[in-house]
Amino acid sequence: MLKKWLDEANYTVVFTGAGMSTESGLPDFRSSNQGLWRQKDPSEIASTDALNTNVNEFIEFYRERVLGVKEYLPHKGHYILAEWEKQSNIQSIITQNVDGFHQLAGSNRVAELHGTLQELHCQRCGKIYDSNEYVKKEYHCNCGGVLRPSIVLFGETLPEEAFQLALSEAQKADLFIVLGSSLSVTPANQFPLIAKESGAKLVIVNQEKTEMDLYADQVVNDRKIGELLQELNISI
Ligand code: APR
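### With respect to unusual backbone geometry
Glycine aside, a negative phi is what most residues show, and trans is what most peptide bonds show. In this structure, Pro-187 follows Thr-186 across a cis peptide bond, with omega equal to -5°. Summarising the element assignment, Pro-187 is placed in the loop between strand 7 (175-179) and helix 9 (191-197). Positive phi, normally seen in glycine, also occurs at Lys-137, with a value near 60°. Turning to its location among the elements, Lys-137 is positioned in the loop between helix 7 (132-135) and strand 6 (147-151). A positive phi angle, near 55°, is found at Leu-183, a position not held by glycine. In this structure, Leu-183 sits in the loop between strand 7 and helix 9. Judged by relative accessible area, Leu-183 falls into the buried class, the value being 1%.

This is the structure in structure tokens:
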């Protein structure tokens with residue numbers, strides 16, 4: 001059905017989570033076998049408390065993730081989505097991912113709900129740096145403040161511009177495709193529901209069950225995202 005709906009839709013929005021980047025080599029968070037939050041408690045490490053009270057472990061954890069997004073690359077699936085945007089098969093991407101891989105693969109209309117690991121900013125003065133500073137083990141701003149990744153930590157609000165773009169895209173969609181998310185984190189997991197309530201067909205492609213499967217018009221959980229996108233790309 002997904003192929004038919006892709007052909008028929010006037011406004012297709014793709015919503016991606018960490019499962020979109022596992023085939024690039026980056027771990028996701030909640031996969032039963034290798035998710036990051038299977039080894040660490042996110043509230044202890046991915047939070048503003050951790051940044052303030054546990055800064056060395058915070059920096060060590062995020063330096064590892066910065067090295068990951070510098071070492072690994074977008075995979076074929078990211079490039080197919082960028083191609084589909086150029087051919088107007090899809091209109092935009094809403095992503096929870098912070099790897100910047102959609103943009104690296106050529107996608108332009110991307111709402112990064114949770115920010116990006118490609119950038120750091122000073123916790124004290126807000127000055128922006130490239131995340132290569134972490135690669136070079138440079139952890140301080142020239143004002144003396146600590147440099148932190150420009151991502152949304154647990155307990156922080158989402159960037160207003162990305163949120164508003166995602167909201168308007170979800171409301172415009174007549175086809176909303178989730179790729180690789182457990183849909184377990186609010187408010188990001190509300191966008192599939194907003195799209196559904198606005199009249200869109202909802203498709204969830206995810207190897208494990210998600211909290212929103214009951215609202216979906218189609219659930220695909222026996223395929224890897226990369227191979228499914230390649231298969232669809234042949235016939236689109
Ligand atoms: N193909 C299909 N599904 C996949 C693949 C794949 N190749 N790889 C992983 N998955 C599925 C997993 O089964 C899992 O259910 O992707 C899902 C990823 O879910 P999570 O690990 O929970 O990631 P995500 O939904 O993006 O997490 C949301 O939580 O920690 C925060 O801010 C972080 O943005 C993240 C948010």
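### Points about helix 10 (residues 225-235)
Within the sequence span of helix 10, burial applies to Ile-225, Gly-226, Leu-228, Leu-229, Leu-232 and Asn-233. Taken around the axis of helix 10, the buried residues stretch over an arc of 165°, which confines them to a single face. Turning to helix 10, the residues buried within the fold contact helix 1 (2-8), helix 5 (76-86), strand 7, strand 8 (201-205) and strand 9 (218-220).

### Considerations on the domain arrangement of the protein chain
Its domain assignment divides the protein chain into domain 1 (1-26 + 74-114 + 158-236) and domain 2 (27-71 + 118-151). Each partner contributes residues to the interface: domain 1 has 15 residues there, and domain 2 has 13 residues. With both chains or domains summed, domain 1 and domain 2 bury close to 970 Å², and 58% of this area falls on carbon and sulfur atoms. Interface area lost by domain 1 to domain 2 is led by Leu-26, Val-98 and Glu-208, which between them contribute 44%.

### Focus: the site of the ligand
Near the ligand, the surroundings consist of 24 residues, among which Phe-29, Arg-30, Trp-37, Ser-181 and Ser-182 are the closest. One of the side-chain nitrogen or oxygen atoms of Trp-37 is found 2.7 Å away from an oxygen atom of the ligand. Contact between the ligand and Gln-207: a nitrogen atom at 3.1 Å from a main-chain N or O atom of the residue. Burial of the ligand by the protein amounts to 95% of the accessible area it has alone, namely 740 Å². Residue composition of the shell around the ligand, grouped by class: seven nonpolar, 11 polar and six charged. Both of domain 1 (1-26 + 74-114 + 158-236) and domain 2 (27-71 + 118-151) provide at least three residues apiece to the shell around the ligand.

### Examining the environment of Thr-12
Along the chain, Thr-12 turns up in strand 1 (residues 12-16). Residues Thr-12 and Pro-187, spaced 175 residues apart in sequence, show a C-alpha to C-alpha distance of 21 Å. Filtering out sequence-adjacent residues up to four positions away, Thr-12 remains in contact with Leu-6, Asn-89, Ile-90, Gln-91, Ser-92, Asp-174, Leu-175 and Ile-177.

### Topic: the side chain of Ser-47
Along the polypeptide, Ser-47 turns up in the loop between helix 2 (42-45) and helix 3 (48-53). Ser-47 sits in the buried class, given a relative accessible area of 6%. Within polar-contact distance, the side chain of Ser-47 engages the backbone oxygen of Ser-43 at 2.8 Å. If we ignore the near neighbours within four places in the chain, the residues touching Ser-47 are Pro-42, Phe-58, Leu-153 and Phe-154.

### With respect to the packing of aromatic side chains
The full count for this structure, using the stated rule, is seven aromatic pairs. Between Phe-29 and Trp-37 the ring centres are 5.2 Å apart and the planes differ by 35°, which places this aromatic pair in the tilted class. The interplanar angle of 25° and the centroid separation of 5.8 Å between the aromatic rings of Trp-37 and Phe-61 together place this pair among those described as stacked. Separated by 24 residues along the polypeptide, Trp-37 in the loop between strand 1 and helix 2 and Phe-61 in helix 4 (residues 55-71) bring together distant segments of the chain. In terms of burial, Trp-37 and Phe-61 fall into one category: buried. Of the aromatic side chains, those joined through ring pairs into one cluster are Phe-29, Trp-37, Phe-58, Phe-61 and Tyr-62.

Conventions used here
- Residues numbered from 1 in each chain as written.
- Predicted model: local features only at pLDDT ≥ 70, side-chain atom pairs only at ≥ 80, totals over all residues.
- Heavy atoms only, no water.
- Helix = DSSP H or I, 4+ residues; strand = E, 2+ residues; numbered from the N terminus.
- Buried < 20%, exposed > 50% of the residue type's maximum accessible area, 1.4 Å probe, protein only.
- Arc of directions from axis to C-beta.
- Contact = heavy atoms within 4.5 Å.
- Domains from an automatic or database assignment.
- Buried area = accessible area lost by both parts, 1.4 Å probe.
- Near = heavy atom within 4 Å.
- Polar contact = N/O pair within 3.5 Å; in protein donor to acceptor, adjacent residues only side chain to side chain.
- Areas by Shrake-Rupley, 256 points an atom, 1.4 Å probe, with all protein chains shown as cover.
- Nonpolar A, V, L, I, M, F, W, Y, C, P; charged D, E, K, R; others polar.
- Phe/Tyr/Trp six-rings, centres within 6.5 Å; stacked < 30°, edge-to-face > 60°.

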